[in-house]
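Understanding the architecture of this molecule
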Amino acid sequence: MATPPTDRTPRLLSRGSWPEARRIGDILRTETVGGMLLLAAAVLALVWANSPWSDAYRRLGDLTLGPAGLHLDLTLAQWAADGLLAVFFFVAGLELKREFVAGDLREPRRALLPVAAALGGMALPALIFTAFNAGAGGGALRGWAIPTATDIAFALAVLGVINTHLPAAMRTFLLTLAVVDDLLAIVIIAVFYTGSLHFGPLLLALAPLALFTVLVQRRVRSWWLLLPLAAVTWALVHASGVHATVAGVALGFTVPVLRRRPGPGPGLAEHFEHRFRPVSAGVAVPVFAFFAAGVSVGGASGLGASLTDSVTVGVLVGLVVGKAVGVFGATWLVQRLTRARLAEEIDWWDVVGLALLAGVGFTVSLLIGELAFGAGSARDDHTKIGVLVGSLLSALLATAVLRARNRHYRGICTLEERDSDADGVPDVYQGPDVAPGASGR
């Protein structure tokens, strides 16, 4: 007989502290706007790539700019993937470090669920892709990591479109899962998708990276000092053969999270995040999506042929089924193997909705597809179709589940916004049952 939960039973998807909920709310608002721009950029690319003017779209992406002497004569599409996405991964690095130092990931008890969910949501899609492509040959298995990534901006854009009200605990879980997902994706890119490694430039990159570290540790914020060092680090990492976006993560990891002197106000990592997240969400990711999502479908017959390709099917099933089952299954195992139980306001159907939403993959999935098969190749095109269709199906299924629970979510959100004493801290984050420091006072 199952033991009934008590007041001391650990709760999964429980409400965190008010400062953390407020910070995550600010992040998600920025990412939602960025997700809308990403959707618009992807739709524009698809329409243009399948229009009578598709050749102009290809020529634009193939336009070469940059100094050849420094091996930086890259196409606009390469600048978007290698250069602009470094900004995206810099912000990811800042967020990762903040989560490990001051966020939910610093507490093993709270970190267990999002880490387990992220691992389950990456392992199962990779296994599904491998199963569909084990006998395909021709290097198809190089794409095993494509369906493992969750695109938080795209997922939030879906929430914005369907106008659902997710409670703070569910939003926090979704963002933390995406943060861990980003960390694992960075490791995968660095380890499995580095072609020829040149140690000379990689070792030279340590010098500007070290100087950047010294300056930020001293809380230097002068852009005219930091940006040139970041650019040199990026260029040397690019020359080494390691994907240049890894430089963005490394730079983000060097920035201190905590203030040198305790007191109110953001630390340097949060300051940089406020500055660069709008650039990442509003410019870097949408521009990359514009150049990466433009696949020529070739009409109904061409789409039908693409949907029978093993790479397309592996990506599609990996995102729709693998992500959902992996995230949900890992969450169920955590509560099964520990004393934890779901928070009172949360139902298993809510976990199903979040697990389906995790199948919305885009930015990192498209990047890994290009690294695995080469930009513009037939299999890269099949990857794009798999990512687009899989993300669309995941979004539609998540919409059906989450919208059915929207009245319940609206009630929770109303409760979480109530501030009877008008002190700026909602009532649910105060009182005898709130952990010390959770009110943010």
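Residues numbered from 1 in each chain as written. Predicted model: local features only at pLDDT ≥ 70, side-chain atom pairs only at ≥ 80, totals over all residues. Heavy atoms only, no water.

**Notes on the overall build of the protein chain**
The number of helices and strands found in the protein chain is 16 helices and four strands. What you see for the protein chain is a C-alpha radius of gyration of 22 Å, in line with the 22 Å of a compact globule of 441 residues. Its C-alpha atoms give the protein chain principal-axis dimensions of roughly 65 × 55 × 35 Å. By the burial criterion, 51% of the 441 residues in the protein chain qualify as buried. In the protein chain, 80% of the contacts between residues at least 6 apart in sequence involve partners at least 24 apart. Between the centroid of the 35 positive side chains of the protein chain and the centroid of its 32 negative side chains there is a distance of 5 Å. (Helix = DSSP H or I, 4+ residues; strand = E, 2+ residues; numbered from the N terminus. Rg over C-alpha atoms; globule rule 2.2 N^0.38 Å. Buried < 20%, exposed > 50% of the residue type's maximum accessible area, 1.4 Å probe, protein only. Contact = heavy atoms within 4.5 Å. Lys, Arg positive; Asp, Glu negative; His and termini not counted. Charge placed at Lys NZ, Arg CZ, Asp CG, Glu CD.)

**Describing the environment of V297**
Tracing the backbone shows V297 in the loop between α10 (268-292) and α11 (299-307). V297 gets classed as partly exposed once you look at its relative accessible area, which sits at 23%. Here the alpha-carbon distance between V297 and L177, two residues 120 residues apart in the chain, equals 32 Å.

**A word on the packing of helix α3 (residues 76-101) against α10**
The N-to-C vectors of α3 and α10 enclose an angle of 145°; their axes lie 8 Å apart at closest approach. α3 and α10 meet at a crossing whose hand is left-handed. In terms of residue class, the contact of α3 with α10 is made up of 20 nonpolar, one polar and five charged. (Axes fitted to C-alpha atoms, helices over the stretch in contact; angles between N-to-C directions. Left-handed = near helix turned anticlockwise from the far one by under 90°. Nonpolar A, V, L, I, M, F, W, Y, C, P; charged D, E, K, R; others polar.)

**Re unusual backbone geometry**
We note that R219 has phi near 65°; this positive angle belongs to a residue other than glycine. Looking at the element boundaries, R219 is found in the loop between α7 (199-217) and α8 (223-240).

**Topic: empty space enclosed by the protein**
Leftover empty space is mapped by rolling, across the atoms, a probe with the size of a water molecule. Within the structure shown, the criterion is met by four cavities of 30 Å³ or more. Considered as a void within the structure, the largest cavity measures approximately 160 Å³ in volume. In terms of lining residues, the largest cavity is bounded by 15 residues, among which E31, A92, I152, D182 and R277 are the most central. Every element with two or more residues in the lining of the largest cavity is listed here: α3, α5 (152-162), α6 (168-192) and α10. Looking at the second largest cavity, its volume works out to about 50 Å³. Lining of the second largest cavity is provided by L13, R15, P167, A169, A343, E345, I346, I412 and E416. (1 Å grid on protein atoms, 1.4 Å probe; cavity = no way out; pocket = protein on both sides within 12 Å on 5 of 7 lines; lining within 4 Å. Points joined across faces, edges and corners; volume = space filled by probe spheres on them.)

**Observations regarding the environment of L175**
Counting through the fold element by element, L175 comes out in helix α6. As for L175 and V279, which are separated by 104 residues in sequence, their C-alpha atoms are 19 Å apart. Beyond its immediate chain neighbours, meaning those up to four positions away, L175 contacts I24, I27, L28, E95 and I152.

**Side note on the layout of surface pockets**
As a volume, the second largest pocket reaches approximately 690 Å³. Around the second largest pocket, the lining is made up of 29 residues, and of these A77, Q78, A81, E370 and A375 lie nearest the centre. Of all the secondary structure elements, the ones that give two or more residues to the lining of the second largest pocket are α2 (54-62), α3, α8, α14 (363-373) and α15 (378-404). By residue class, the composition of the lining of the second largest pocket is 11 nonpolar, 11 polar and seven charged.

**Let's talk about the packing of aromatic side chains**
For any pair of aromatic rings, geometry is given as the distance between the ring centres together with the angle between the planes. Here the structure, examined in full by the defined rule, presents 10 aromatic pairs. Judged by centre distance (5.9 Å) and plane angle (50°), the ring pair of W48 and F290 falls under tilted. Taken together, the residues span a long stretch of sequence, with W48 in helix α1 (residues 18-49) and F290 in helix α10 at a distance of 242 residues. The class for F290 is buried, based on a relative accessible area of 12%. Ring geometry for Y57 against F290: centres 5.5 Å apart, planes inclined by 80°, an arrangement best described as edge-to-face. Residue Y57 is found in helix α2, and its partner F290 is found in helix α10; the two are separated by 233 residues along the sequence. (Phe/Tyr/Trp six-rings, centres within 6.5 Å; stacked < 30°, edge-to-face > 60°.)

**What about the pattern of salt bridges?**
For side chains bearing opposite charge, pairing can occur when the charged atoms are close. Summed over the entire model, instances satisfying the criterion amount to five salt bridges. A salt bridge links R277 to E273; the nearest nitrogen and oxygen atoms lie 2.5 Å apart. A residue pair is termed a helical-turn pair when its members lie 3 or 4 positions apart in one helix, as R277 and E273 do in helix α10 at four residues. Salt bridges sharing common partners tie together E95, E273 and R277. (Salt bridge = Lys/Arg side-chain N within 4 Å of Asp/Glu carboxyl O.)

**Some remarks on the nonpolar core**
Side chains that are nonpolar tend, in soluble globular proteins, to be buried together. Counting residues in hydrophobic clusters, the biggest one holds 91 residues, and the most contacted among them are F89, F173, F288, L357 and F362. The element that contributes the greatest number of residues to this core is α6, accounting for 12 residues. Non-local contacts of L357, meaning those with residues more than four positions away in its chain, are made with A155, V158, L159, L174, A398 and L402. (Core = buried A, V, L, I, M, F, W, Y, C linked by side-chain atoms within 4.5 Å.)

**Concerning the side chain of K97**
Within the element layout of this structure, K97 appears in helix α3. It turns out K97 is buried and unbridged, and the closest side chain with the opposite charge, E273, is 12 Å from it. Of the polar contacts made by the side chain of K97, one reaches the backbone oxygen of F253; its length is 2.9 Å. Among the polar contacts listed, one links the side chain of K97 to the backbone oxygen of V255, at a separation of 3.0 Å. (Polar contact = N/O pair within 3.5 Å; in protein donor to acceptor, adjacent residues only side chain to side chain.)

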